[in-house]
Amino acid sequence: QLEIKIAQGAKPGEGGQLPGKKVSPYIAKLRRSKPGVTLISPPPHHDIYSIEDLAQLIFDLHQINPQAKVSVKLVAEIGIGTVAAGVAKANADVIQISGHDGGTGASPLSSIKHAGTPWELGVTEVHRLLMENQLRDRVLLRVDGGLKTGWDVLMAALMGGEEYGFGSVSMIAEGCIMARICHTNQCPVGVATQQERLRQRFTGIPGHVVNFFYFVAEEVRSLLAKLGYRSLKDIIGRADLLKVREDLELTKTSMLNLDCLTQLPDTRTDRSWLNHKDVHSNGPVLDDQLLGDADLTNAIQNHGSVTKDVDIVNTDRTVGARIAGVIAKQYGNSGFDGNITLNFKGAAGQSFGAFNLPSMTLILNGEANDYVGKGMHGGEIIIKPPTDATYDPANNVIVGNTCLYGATGGTLFAHGGAGERFGVRNSKGYAVIEAAGDHCCEYMTGGVIVVLGKVGRNVGAGMTGGLAYFLDQEESFPAKVNQDVKIQRVISAAGEQQLKGLIQDHATRTGSPKANMILDNWSEYLPKFWQVVPPSEADTPQANPDVAEERELVSSTVA
C-alpha cells in the first residue's frame, strides 16, 4: 500500500524536520542527502495545489504499481467531508482520518495539546457525506489518532471506520517511555536515536507488540459479545447503537448536542457499501500498449536493448512509469542491464517520465505538461521542440510546473524553459533547462541544476544540498535568490568543469543553439554564471578551489 500523507492529526499544517544530528550516513544514503544536514518536510505538498493535482498523484502511484492500494491521510477538521468526497472521486482506495490525540515526542508539545480536532468528528462527517453522495463503497475508511483500547476500536467502527491505526501506544508496548526528546537524538531507551550506545538499551521485541494487540482484540470480542454480534464488520457504521449518556450532570456538557456523532445514515439493512474493489484501475493507458509489444517485453526479460517510436497526446499521462514499475519489480532500482529507448512525438500529459529508472531513455519531440521526471531515479529524459517549430525555444516554455520533483537520480535535458518550482525537493537528479519560473531549486537536498536563461523569484528557498548554476545576462539574479542561501561566481576548476560538461551534454542531446553559442564563447559566458551554494556544499571541490587544491595535493603525494 502507498500512502499520501496530506497532514498529521497531532500537528496539522506544520510539516516536519529531521534534525541534522539525526541524519547519520545510513539515513543520508536512504534519503539521498548529506550526513549532518537537516532534512525539511514542509507542510505543503508542492505537487498538490488542488484536488485535480491530488488525483494526478494518485494516478501516478497506480501507474507505477497497479496492484498497490493508494491511501490518502487527512486530518479531522470541520469540512473534511467535502475534501474526502473529492479524494474518493480522485480514485483513492483508502481514506485515513487522523485525530488530534495522537503524536509522539517528534511532535511539538504545543501542537499535541492545542492543535487538531477529535477523530470522532472527522470520521462521522466523512462517513455521512460519502454515504449521502453514494461514494462510500469506493473507499475503505481508516481511523487513527490516539486509539489505545478495544473500546476505541468499537467506537470507531460504530461511527463508520473500517480499519484502525495505533501509533503511540504501539511504541509504548515495545519500550517507548514518551520522554519526548526524539528530536535531540538522545532517546534514553534507544527507540528514536541513531546513536549505537543508546540503541543498545532497546529491549523491545515483536512479541510485546503482538501481545498488546491480542489483548485489544480480546476486548473487542468481549464488547461485541455484550452487544450480541459475532463480527466487527456487522457493526461498522451502526450509529443507531450509540446513545448519549444521561447519567451525567455536568454544567459544561449539558448544552452539548452530539447528533453529529449519533445521527448517521441508516445502514442496518443495506450493507453493500462495505464491499470494495481490491484496487482501483487507471483504465487503458499507453504504457500497457507498450508493454504489450513483444520486442519491449523480450528486452526487459533478457536485459536486451530496444528502440521504439511512439506517438503521444496530452491525455497520455505518467508515461513510462508502468514500464519502470515492471523493471523495478523484477530487478530492483538498478539491476536492469539492458537499454530501453523510447522516441515520442507530440504533446505529453502530466508526469511524463515519472519514476524513470537507469537504462531508460525517453526522448520527446514536442512539449510536456507538469511534473516531468517526478521521482525519477535514473536514465535520461530529453525534451526538444518539434523539428518544424518556428519559434526560439530558449524564449518559450517546453515543460510545465514542478518538474524533477523529488528526483533521486537521472538527468533531464529540456531545450526550452520550465514553469514554477523546477527541481523542488530534488535529491540527486541532474538537469539543464533554458529558463525557469519562481521557486526554482526549492528544498533541494542534492543533485545539480543548470539554467541557461531567465529565472523567477525565490531561488533556492530551503535548499540544503546540491548545486545550481544560473546564467545571468541581465545582471538581475542576486535580487531573485532567497536570502538564506549563498551565491558566488564559478571560482573553482571543478565547478567550471561540471558546468561545462553538463552544457556540452545538453547541446549534444538537444542540439540547442544557445548551449552551442555558450560553449563557442566560453570565456565570455563563464563570468556571467552564478553558482548557488548551500552550506553543506561550501567545502566541495566544485564550490571551493582550496578544497580542490588540497585533494589534488593529497592524490599527487600518494602517487
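Quick caveat: nothing in here was measured; it's all calculated off a predicted structure.

Visitor: Can you explain the sheet that holds strand S6 (residues 140–144)? Please cite residues and give values.
Guide: One open sheet accounts for five strands, arranged S1-S4-S5-S6-S7; its pairing is parallel. Since the sheet does not close on itself, it has two edges, and those belong to strand S1 (2–5) and strand S7 (163–164), each with one partner. Bridging between strand S5 (residues 94–98) and S6 involves five bridges; their strand directions are parallel. Bridged to Ser 98 within S6 is Asp 144.

Visitor: Help me get a handle on helix H9 (residues 206–227), residues and values and all.
Guide: Here H9 contains 22 residues, and its C-alpha end-to-end distance of 32 Å stays within 8% of the 32 Å for a straight helix at 1.5 Å per residue. For H9, every residue scored as buried is listed here: Val 209, Phe 212, Val 216, Val 220, Leu 223 and Leu 224. Projected onto a plane normal to the axis of H9, the buried residues spread over an arc of 115 degrees and lie on a single side. Opposite the packed face of H9, turned more than 90 degrees from it, sit the exposed residues Tyr 214, Phe 215, Arg 221, Ala 225 and Lys 226. Elements that come into contact with the buried residues of H9 comprise helix H6 (150–158) and helix H7 (168–173). Gly 228 sits one or two residues past H9 and shows a positive phi near 90 degrees.

Visitor: Tell me about the packing of aromatic side chains, residues and numbers included.
Guide: Overall, the coordinates contain seven aromatic pairs when judged by the stated rule. Ring centres of Phe 166 and Phe 212 lie 6.3 Å apart, and the angle between their planes is 80 degrees; this geometry places the pair in the edge-to-face category. On the criterion of sequence distance, the pair formed by Phe 166 in the loop between S7 and H7 and Phe 212 in helix H9 is long-range, its members being 46 residues apart. Residue Phe 166 is classed as buried on the basis of its relative accessible area of 18%. With centroids separated by 5.4 Å and ring planes inclined at 85 degrees, the aromatic side chains of Phe 344 and Phe 352 adopt a geometry described as edge-to-face. With a relative accessible area of 1%, Phe 344 lands in the buried category. Over the aromatic face of Tyr 371 sits the side chain of Lys 374, whose NZ or CZ is 4.4 Å from the ring centroid. We note Lys 528 situated over the ring of Tyr 525; from NZ or CZ to the ring centre the distance is 5.1 Å.

Visitor: So what's going on with the environment of Thr 361? Which residues, and what values?
Guide: Relative to the helices and strands, Thr 361 is located in strand S10 (residues 360–368). Take Thr 361: its relative accessible area is 17%, and that puts it in the buried class. Counting along the chain gives 21 residues from Thr 361 to Ile 340, while the straight-line C-alpha distance between them is 6.2 Å.

Visitor: Can you break down the domain arrangement of the chain residue by residue, with the values?
Guide: By the assigned domains, the chain splits into domain 1 (2–166 + 230–246 + 256–264) and domain 2 (346–352 + 367–375 + 389–533). Distance between the C-alpha centres of domain 1 and domain 2: 36 Å. Every contact between the two is made by 16 residues of domain 1 and, on the other side, 17 residues of domain 2. Taken over both partners, the interface formed by domain 1 and domain 2 buries close to 1400 Å², and the fraction arising from carbon and sulfur atoms is 54%. Of all residues in domain 1, Arg 32, His 46 and Asp 47 give up the largest surface area on contact with domain 2, accounting jointly for 43% of the area buried on that side.

Visitor: I'd like to hear about the confidence of the model for the chain, residue by residue, with values.
Guide: Put simply, the chain has an average pLDDT of 92, and 97% of its residues get 70 or more. For the stretch residues 551–559, pLDDT sits under 50, and the model shows two contacts to residues farther than four places along the chain or on other chains.

Visitor: Run through unusual backbone geometry, naming residues and quoting values.
Guide: Despite not being glycine, Arg 180 shows a phi value in the positive range, around 60 degrees. Even without being a glycine, Ser 359 presents a positive backbone phi close to 75 degrees. Position of Ser 359 relative to the elements: it lies in the loop between strand S9 (339–348) and S10. The partly exposed category is assigned to Ser 359, whose relative accessible area is 24%.

Visitor: Go over the packing of H6 against H9, please, and point to the residues and values.
Guide: Two numbers describe how H6 lies on H9: the axes approach to 8 Å, and their chain directions differ by 55 degrees. The orientation of H6 relative to H9 falls into the category oblique. Crossing of H6 over H9 shows right-handed handedness. Across the interface between the two elements, Gly 150, Trp 151, Val 153 and Leu 154 from H6 touch Val 216, Glu 219, Val 220, Leu 223, Leu 224 and Leu 227 from H9. Of the residues contributing to the contact of H6 with H9, the split by class is eight nonpolar, one polar and one charged.

Visitor: Please give an account of the sheet that holds strand S17 (residues 529–533) that cites residues and values.
Guide: In spatial order, the strands read S8-S9-S10-S11-S12-S13-S14-S15-S17-S16; together these 10 strands make up an open sheet with mixed pairing. What marks the edges here is a single partner per strand, and that holds for strand S8 (305–312) and strand S16 (486–489). Recorded for the sheet is a direction-independent mean angle of 15 degrees between the axes of neighbouring strands. One ladder, built from four bridges, connects S16 with S17; its direction is antiparallel. Residue pairing across strands places Arg 489 opposite Trp 530, the latter belonging to S17. Packing against the sheet, helix H12 (residues 294–301) makes contact with S8 and S9, and its axis sits at approximately 140 degrees to S8.

Visitor: Which residues make up the pairing of S5, and what values go with them?
Guide: Successive side chains on a regular strand alternate, one facing one side of the sheet and the next facing the other. Extensive coverage of S5 is indicated by the burial of five of its five residues. Side chains Val 94, Gln 96 and Ser 98 project from S5 onto one buried face, and the interleaved Ile 95 and Ile 97 project onto a second face that is buried too. Pairing of strand S4 (residues 70–75) with S5 involves five bridges; the strand directions are parallel. Residue Lys 73 lies in a different strand from S5, and its bridge partner there is Gln 96. Note that the unit made of S4, helix H3 (residues 80–89) and S5 has a crossover that is right-handed.

Basis of the calculations
Residues numbered from 1 in each chain as written. Predicted model: local features only at pLDDT ≥ 70, side-chain atom pairs only at ≥ 80, totals over all residues. Heavy atoms only, no water. Pairing = 2+ DSSP bridges. Helix = DSSP H or I, 4+ residues; strand = E, 2+ residues; numbered from the N terminus. Expected span 1.5 Å × (residues − 1). Buried < 20%, exposed > 50% of the residue type's maximum accessible area, 1.4 Å probe, protein only. Arc of directions from axis to C-beta. Contact = heavy atoms within 4.5 Å. Phe/Tyr/Trp six-rings, centres within 6.5 Å; stacked < 30°, edge-to-face > 60°. Lys NZ or Arg CZ within 6 Å of the ring centre and 35° of its normal. Domains from an automatic or database assignment. Buried area = accessible area lost by both parts, 1.4 Å probe. pLDDT = per-residue confidence, 0-100. Axes fitted to C-alpha atoms, helices over the stretch in contact; angles between N-to-C directions. Parallel < 35°, antiparallel > 145°, perpendicular 65-115°, else oblique. Left-handed = near helix turned anticlockwise from the far one by under 90°. Nonpolar A, V, L, I, M, F, W, Y, C, P; charged D, E, K, R; others polar. Right-handed = clockwise from strand over helix to strand, strands pointing away.

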